[in-house]
Amino acid sequence: MVYKRPRAASPSTAQKRPRQDIRLGTELPPDEDGDDGSFVPVWKQTVTDDRGRRRLHGAFTGGFSAGYFNTVGSKEGWAPKAFVSSRSNRNKDQASAATQRPEDFMDEEDLAQASESRHLETAQSVAPIGSSGGVGRPTDGFFGLFVTEEETMGVKVVHQMGWRRDQGVGRKVRRHASLNDGIAASKDTSEHFFAPKDAPSMSSAREEIRRKGLGYLSEARLSKAGNTDPDSGPSLAFTFLNSSKKSQTSKKPTPKKSSFGVGVLNDTGSDDEDPYELGPKITFNKTLGKEKKAKKPSKFVKPAVADGLVYVPRKATKAGTSLSRMSQDEKATLKGFTLEMNTNDLMIKPKFPPPLIPEGWKTSRNTSSEERVQDFQSVTDAARSSTLDAKARASLLGETPLPSRSIFDFIPKEARDRLVTMSGNTALPQGLGQSAPEGYEASEQSTAKSLWSFVPRLDKHVAAGALAKGATGWMPYGEDSNKRARYVGFLELKSGSRQELPERGPGMSVSEWAKELEEFAHAAQVFKPASGIMASRFISSKATQSTAGVDSTGEDILRQPTAKVEDPTEQAAKLGMYGPMTRSSLPFHPSRLLCKRFNVKPPPDNPNTADIHPVDFDIKPKTEEPISKSDMDRLMREVASRGPATQRPAWMSYEPEAPVPAAVTKHAIVDIETNEALSKERASEDVFKAIFGDDDDEE
Amino acid sequence: MPAFPTTPIAKLTGHGGIVHALAYSSGSASYILTGCSDRTIRLYNHTKATTTSVAPPAGSQAYAPGLVSKYSAHGYEVLSIDVSTDNEKFVSTGGDKSVFYWDVQTAQTIRRWSGHNARVNRGVFGGEGDSVIVSGSFDGTVKIWDIKQNNYKPIMTLDEARDSVTDIAIFDAEILVSSVDGRVRSYDLRMGMCSVDVIGYPVTSLSVSKKGTEALVSSLDSTVRLMDRGNGQLLKAYRDESFVNTDLRVRSTLGLNDSVVLSGSDDGMVFAWDLLEGECKHKFRHSDMREVKGKGAATGERKGKKDVVSAVAFCGARREWASAGGDGNVIVWGMDG
């Protein structure tokens, strides 16, 4: 790779101020190969061989531009690979042959990137402590190297104050040097000041907060498993680790990891630990060579201390609390006291039995509670034992006595019988069915109110529609005029034109009446006039029974085609008397928008001018009164435009002409002079033929 | 009565069924729009067609002589066409219960209003600047649609008619509605009054004179009547012994500056009456493209069921009129030479 040549000072600045240059020393002779260090663009640079010639490669292998600007073969250029015949010298046999690596094609940036992406990490197999892997065997003295401790600020402070690791805290003690594990205390040697021994500090009895799920049995299960399986337990136990577990944890720096549960690396192997306590017991430095300071000799590898490596079985440590212990201040425990190592016991609050009351003790305070307890009675007992009845109690309380009647005085006999049959108690007094006593009878209003509750709900427009339909055409209950009258009354009430309660038929109980009202409401729903398309599809049937009660006069079953009552205007039109007789006018309310579109002032008295939204004109106005003013107008218009048909009941009126499709149907020719339907008593033969086509008896 | 155009000058072919609707364009009336039962509206320049023009064979893409454009959006037969005064839009109605509002240039529908419950017999422009469309339907209602607003509901619905609405005419601020129930209702928006004139027979066609004081009413008693709109009196009744109109919706119109009454018939004849005298001046046989002279000569010549003249239209600018027949041809009649 060719780099840009280093450039000296800018030649332009040198040329600009030649006089101010101060020259010191002698000038160098001009460069032989012409490389004066001035800037030459890459494309102008030429590569020459040691004789100053430009290198010409084969015409087919590059000519003057082989490689990067003809650098092939130069001392900083590429060397062409010599051809190696695979016959004589096989390429794969050459072990030392320079094989191409990715690094050969990388520039510095790529290399930096590649090196950046490389991280040094411990392999999975490295599991030094407490694991059963071969690396972490207890014999391996190096395992301590993997354990480091980040020091807390407190540790640093006490370091500053002269404390050393594995020393106790406190004043220095004057004693003999104990070299051999404290057993052989040589008396002859002089006493020295020693730092107090590192004694396990008692952690304060912290309430253990157990954050475990319901029914979680981890500790019991783990301890059981740990006891049964010897391999899973720690093969190496440190006494100080076990004895001063609490202190260790308290001394430990705040755990860096916050992972949940126990991993392989941070499993200290002890089953007593809460595996879900946050943070590992030991943190590992996973990077090598990043130590901030020279590694201190770890306590794990301190050979000649009392807390050395001692293999202690777990059971022994558990039972071994009776080992000679020193109290915290290096003094022997007082006689009669044992050093309690299990701090957990402190957490258990002792429960003391209540003090025994000596026999025969009697309190000096004499209360009257005894007597009170004696004459306590429950309310029920008192009520039971009471001789007072309701009346007596009422008189005691000073109530004015009710007229001395029981409920049976008021309920009718049938109700009493019903009570008897329902309760099975035949000893009930006779129902007298009296009316309520003076001053206590239900007011008329309240009875009416209770009766109003029986009147079913019915929409006002439905009622009005049903009423209107009844006015123009068919109405239910044609066979019972009284019922029909009641029905009409109900509809009038519901449409708002009446206010009083619907009348009750003679001899009709309230329940029957209520039932009838329900029926009326249903009937109104059913017989309300059809609307929209349905209305245009159907024409109301022409007649019901002509009159109620005259049905059995022996008329022939075939209904007489009633005479079509000619509209006088049509008659006049057919007679050619066009003019006032055939003309009629009716009010018409164009919508405001329509008038606006026609650029016409809306006619006065136009109810629709008040409306603003044009869409609403399509919707029939909902009326408040049974027949509002607009509806009245409408009716008037209908009457005027459609002839008097709507005024009369349907059975009297002429039927509006069946819709005649404009271009298809035949026009019915009506003979004005004679009406066959009227002149004939009997239906024509054609009708019978049409109905009973195959019957021969008529012919 | 001035000279009446009696010579056929063009034959507009290419229809695939009965031509129900016929309308001259507004203004110079140089184009003719036809609405056919083959669900298509056709725009003709009838000066490009001749009396001997032959329709292209069925299935070919070639346009018939004089045919300018085709408008196809209807799904049913087209029953009426009305052209706006600026000739840019037209309205068509038909069997698909909708009112179609067309752009003439793009041959696309601008708006479609649906709200009628049956086929729409008639749709006409109304209001100032053709701002509304009034449509009458077989369901007996007249609905007024607003062109200026984007409302899909009608401005107003007139449902006084007791039967199918057959024709609508608009004069100034009055809407005239004819119905099969034998009545002509005239809604005066200014006065807020609706005057009902009983004709007595189903009314099939309705047109208003230019003065607006008379209305021409065709009814199914083979009579065309000229009614005084002021008082509802009969001004003139136009009949002929050979004039038959008892079954079909046949259009009638006023022409030649309201001096002639022109009507089609059920049997393929076209009749022209003098307005004032009321006598039948001319009879034309549509299928033969000739005038029939003499009384009684036209009777009994009806050829088949399709030989009807369902629509006639008078040109507003020239002495010219057109008749549309059940045979699928539109004949344009003009003066000699």
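About the criteria used
Residues numbered from 1 in each chain as written. Chains lettered and ligands numbered in written order. Predicted model: local features only at pLDDT ≥ 70, side-chain atom pairs only at ≥ 80, totals over all residues. Heavy atoms only, no water. Helix = DSSP H or I, 4+ residues; strand = E, 2+ residues; numbered from the N terminus. Buried < 20%, exposed > 50% of the residue type's maximum accessible area, 1.4 Å probe, protein only. Contact = heavy atoms within 4.5 Å. Areas by Shrake-Rupley, 256 points an atom, 1.4 Å probe, with all protein chains shown as cover. Core = buried A, V, L, I, M, F, W, Y, C linked by side-chain atoms within 4.5 Å. Salt bridge = Lys/Arg side-chain N within 4 Å of Asp/Glu carboxyl O. Pairing = 2+ DSSP bridges. Expected span 1.5 Å × (residues − 1).

Student: I'd like a description of the overall build of chain A, backed by residues and values.
Tutor: A count of helical and extended segments in chain A gives 22 helices and three strands. Among the 699 residues that make up chain A, the fraction classed as buried is 21%. Pairs at least 24 apart in sequence give 55% of the contacts found in chain A among residues at least 6 apart. For chain A, the exposed area adds up to about 53,600 Å²; of that, 56% sits on carbon and sulfur atoms.

Student: An account of the nonpolar core is needed here, citing residue identities and associated values.
Tutor: A:F598, B:V134, B:I144, B:I168 and B:I175 are the most contacted members of the largest nonpolar core, which totals 24 residues. Contributing elements (two or more residues each) for this core: α19 (592-597) of chain A together with β11 (132-137), β12 (142-146), β13 (156-158), β14 (165-171), β15 (174-179) and β17 (193-198) of chain B. Residue contacts for B:I168: discarding those within four places in its chain leaves B:R122, B:V124, B:V134, B:S135, B:G136, B:V142, B:I175, B:L176 and B:V177. By size, the runner-up hydrophobic cluster in this structure holds 20 residues, among which are A:F490, A:L491, A:W513 and A:F520.

Student: Just give me the short version of the pattern of salt bridges, but keep the residues and values in it.
Tutor: Residues and elements named next belong to chain B. Taken as a whole and assessed by the stated rule, the structure comprises 19 salt bridges over all chains. In this structure, R122 and D167 form a salt bridge, with 2.8 Å as the shortest nitrogen-oxygen distance. Of this pair, R122 sits in strand β10 (residues 120-126) while D167 sits in strand β14, placing them 45 residues apart in sequence. Residues R122 and D167 agree in their burial class; the two are buried. The network of salt bridges with shared partners includes R122, D167 and R251.

Student: Describe the pairing of β11(B), listing the residues and the values that go with them.
Tutor: All names here are of chain B. Extensive coverage of β11 is indicated by the burial of six of its six residues. Burial along β11 is two-sided: the face carrying V132, V134 and G136 and the face carrying I133, S135 and S137 are both buried. As judged from the six bridges shared by β10 and β11, these two strands associate in the antiparallel manner. By the bridge assignment, V124 is partnered in β11 with V134. Here β10 hands over to β11 after five residues, with G127 in that stretch at a positive phi of 85°.

Student: Before we move on, can you summarise unusual backbone geometry with the specific residues and values?
Tutor: Most peptide bonds adopt trans geometry, and most residues besides glycine take a negative phi value. One non-glycine residue, A:N599, adopts positive backbone phi at about 55°. Within the chain, B:L256 stands out as a residue other than glycine whose phi angle is a positive 50°. Here B:L256 shows up in the loop between β22 (252-255) and β23 (260-263). A relative accessible area of 14% places B:L256 in the buried class.

Student: Kindly report on the side chain of B:N45, identifying the contributing residues and their values.
Tutor: In this fold, B:N45 is placed in the loop between β4 (40-44) and β5 (67-72). Sequence-distant contacts of B:N45, defined by excluding residues within four places in its chain, comprise B:S30, B:Y31, B:G66 and B:V68.

Student: Give a description of helix α15 (residues 481-495) of chain A that names residues and reports values.
Tutor: Residue and element names in this part refer to chain A. Given a rise of 1.5 Å per residue, 15 residues ought to cover 21 Å, and the 20 Å separating the end C-alpha atoms of α15 matches this to within 8%. Taken together, the buried positions of α15 are occupied by K483, R486, Y487, G489, F490, L491, L493 and S495. Two residues or fewer after α15 comes G496, characterised by a positive phi angle close to 105°.

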